[in-house]
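Now for the letters of each chain:
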Amino acid sequence: MTIRRRRKTDAPNQDDDEPLVLLTPRAAESNKGDFGKALIIGGSRGMTGAVSLAGMAALRSGAGLVRLAVPQSCLPIVATFAPEYMTLGMPEDADGRFAKAASELLDRAVAAATAVACGPGLSQSDELDDLVAHLYSSIALPMVLDADGLNALSRRPLAAGAPAGPRVLTPHPGEFRRLAHLEEPLEREALEAEAVKLAAHLHAVIVLKGHRTLITDGERSAHNTTGNPGMATGGTGDVLTGVITALLAQKMPPFDAARLGVYLHGLAGDLAAKEFGEVSLIASDLIRHLPAAFRKAGM
């Protein structure tokens, strides 16, 4: 899958000088194999919605195939959200979370994917901390880490040096402080400076969510200008995870995929707010408006 750079004259609204990179138009002879296979690892008892939202967002963002790996008892619930994605049931512990025995099965699932996400609805346990650390260090594919995937990483030392493959970390400020081991709250400007440093240290892209979300790889940085306060509701971060994962599955470079994903996510939120208002906005509204966001961006 190739990408193209948009002309400066019709670049979407960003506050940096570089235009967004967009997906190319699809060739008439395309098939689903041309647009990547997204694997999303997440879910636990009581938190099946998060991974389902990520899966539906990945579908709406162009991934050719989407597969959700979830604890076995969560599979029947997750499968009802969307008939278009596939589900993989994994060994679980007594509390409905991924068990240690899931590691080998996940390695097999990763081998059939082109991009991976980990974290939505994952929950927390010592075994999950080990599992996430294994996936983070061993997967050679592009990988998005969010939510409890980030919380798991914060409890395991992250060595400097390039990971096994490209990484996009999407923390909100609280998750970022835990990940960076910052003891005291910081003002936004100082927090962004820490994000740039950590991205460079980890050789990863960090998406520091919030008003005017920062996207940085430690060398390049951009602020997003789409989005609104109505998006401050549960599940919208899971939608962003699905969007970015789908773009990575379509072979977009990580920094470009993160920038475009954040832009489209915010734009879908703006379109949804026009219809429903900010107070009533919910995460699934963003998924419904992703097609219009893609069209408005020129894809």
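Please read these numbers as outputs of a predicted model, since none were measured by experiment.

Asks: Provide a residue-level description of the overall build of the protein, including the pertinent values.
Replies: The helix and strand tally for the protein stands at 10 helices and 11 strands. By the compact-globule yardstick of 19 Å for 299 residues, the protein fits well, its C-alpha radius of gyration being 18 Å. For the C-alpha atoms alone, the extent of the protein along its principal axes is close to 55 × 50 × 40 Å. Taken over 299 residues, the protein has a buried fraction of 55%. Put simply, of all contacts in the protein between residues at least 6 apart along the chain, 65% involve residues at least 24 apart.

Asks: Residues and numbers for the packing of helix α8 (residues 236–249) against helix α10 (residues 283–297), please.
Replies: Two quantities define a packed helix pair, namely the angle between the helix axes and the distance between the axes. Contact geometry of α8 with α10 gives a least axis separation of 9 Å together with a crossing angle of 35°. Taken as a pair, α8 and α10 cross one another with a handedness that is right-handed. Only Ala283, Leu286, Ile287, Leu290 and Phe294 of α10 make contact with α8, whose side of the interface consists of Thr236, Val239, Val243 and Leu247. Across the contact of α8 with α10, the residue classes break down as eight nonpolar, one polar and no charged.

Asks: So, the packing of aromatic side chains: which residues are in play, and what are the values?
Replies: By convention here, two paired aromatic rings are described through the distance between centres and the angle between planes. Overall, the coordinates contain zero aromatic pairs when judged by the stated rule. Geometry around Phe35 places Arg26 over its ring, the cationic atom sitting 3.5 Å from the centre. Over the aromatic face of Tyr136 sits the side chain of Arg167, whose NZ or CZ is 5.3 Å from the ring centroid.

Asks: Now, about helix α6 (residues 173–180): what can you tell me, with residues and values included?
Replies: Within the sequence span of α6, burial applies to Gly174, Glu175, Phe176 and Leu179. Of the surrounding elements, those touching the buried residues of α6 are α5 (148–154), β8 (167–169), α7 (188–202) and β9 (205–208). Looking at the residues trailing α6, positive phi occurs at His181, about 55°.

Asks: Report on the nonpolar core, specifying residues and quantitative values.
Replies: In this structure, Ile40, Val66, Leu68, Val168, Val239 and Leu247 are the most contacted members of the largest nonpolar core, which totals 57 residues. Per-element tally for this core: the top contributor is helix α9 (residues 254–276), with 11 residues. Grouped together as the second largest cluster of nonpolar side chains are 36 residues, Leu106, Met143, Ala152 and Leu202 included.

Asks: For the sheet that holds strand β11 (residues 221–223), give the residues involved together with the corresponding values.
Replies: The mixed open sheet is built from nine strands, whose spatial order is β5-β4-β3-β6-β7-β8-β9-β10-β11. With partners counted over all chains shown, the strands left at the sheet margins are β5 (86–90) and β11, one partner each. Ignoring strand direction, the axes of neighbouring strands in this sheet form an average angle of 15°. As paired elements, strand β4 (residues 65–71) and β5 share five bridges and run parallel to each other. When the bridges of β5 are listed, Pro71 appears paired with Met90. Packed onto the sheet, α8 meets β3 (37–41), β6 (115–118), β7 (143–145), β8 and β9 and runs at close to 160° relative to β6.

Asks: Tell me about the pairing of β6, residues and numbers included.
Replies: With burial as the criterion, each face of β6 is covered, one bearing Ala115 and Ala117 and the other bearing Val116 and Cys118. One ladder, built from four bridges, connects β3 with β6; its direction is parallel. For Ala38, the partnering residue across the bridge sits in β6 and is Ala115. In this sheet, β7 lies alongside β6 in parallel orientation, the contact comprising three bridges. Along β7, the bridge assignment pairs Val116 with Met143. In this fold, β6 hands off to helix α4 (residues 126–138), which returns the chain to β7; that crossover is right-handed.

Asks: An account of the side chain of Arg97 is requested, with residue identities and associated values reported.
Replies: By the element assignment, Arg97 lies in the loop between β5 and α3 (102–111). A distance of 2.9 Å separates a polar side-chain atom of Arg97 from the backbone oxygen of Gln124. Those residues in contact with Arg97 that sit more than four places away from it in its chain are Ser44, Pro71, Pro91, Glu92, Ser123, Gln124, Ser125 and Leu128.

Asks: Hey, could you go over the environment of Val132 for me, with residue numbers and the actual values?
Replies: If you trace the backbone, Val132 turns up in helix α4. Residue Val132 is classed as buried on the basis of its relative accessible area, which comes to 1%. Distance from Val132 to Ser73, taken between C-alpha atoms, is 20 Å for residues 59 residues apart in sequence. Setting aside its immediate chain neighbours within four residues, Val132 contacts Cys118, Leu122, Leu145, Gly149, Ala152 and Leu153.

Asks: Lay out the pattern of salt bridges in plain terms, naming residues and giving numbers.
Replies: Close approach of charged atoms allows side chains with opposite charge to pair. Under the defined criterion, the tally for this structure stands at 11 salt bridges. Linking Asp95 and Arg97 is a salt bridge whose minimum nitrogen-to-oxygen distance equals 3.2 Å. Residue class for Arg97 comes out buried when judged on its relative accessible area of 18%. The salt bridge involving Asp129 is made with Arg156; its shortest N-O contact spans 3.9 Å. Note that Asp129 is positioned in helix α4 and Arg156 in the loop between α5 and β8, a separation of 27 residues in sequence. Taking the relative accessible area as the measure of exposure, Asp129 reaches 3% and is therefore buried. Salt bridges sharing partners connect three or more residues here, namely Asp129, Asp130, Arg155 and Arg156.

Conventions adopted
- Residues numbered from 1 in each chain as written.
- Predicted model: local features only at pLDDT ≥ 70, side-chain atom pairs only at ≥ 80, totals over all residues.
- Heavy atoms only, no water.
- Helix = DSSP H or I, 4+ residues; strand = E, 2+ residues; numbered from the N terminus.
- Rg over C-alpha atoms; globule rule 2.2 N^0.38 Å.
- Buried < 20%, exposed > 50% of the residue type's maximum accessible area, 1.4 Å probe, protein only.
- Contact = heavy atoms within 4.5 Å.
- Axes fitted to C-alpha atoms, helices over the stretch in contact; angles between N-to-C directions.
- Left-handed = near helix turned anticlockwise from the far one by under 90°.
- Nonpolar A, V, L, I, M, F, W, Y, C, P; charged D, E, K, R; others polar.
- Phe/Tyr/Trp six-rings, centres within 6.5 Å; stacked < 30°, edge-to-face > 60°.
- Lys NZ or Arg CZ within 6 Å of the ring centre and 35° of its normal.
- Core = buried A, V, L, I, M, F, W, Y, C linked by side-chain atoms within 4.5 Å.
- Pairing = 2+ DSSP bridges.
- Right-handed = clockwise from strand over helix to strand, strands pointing away.
- Polar contact = N/O pair within 3.5 Å; in protein donor to acceptor, adjacent residues only side chain to side chain.
- Salt bridge = Lys/Arg side-chain N within 4 Å of Asp/Glu carboxyl O.

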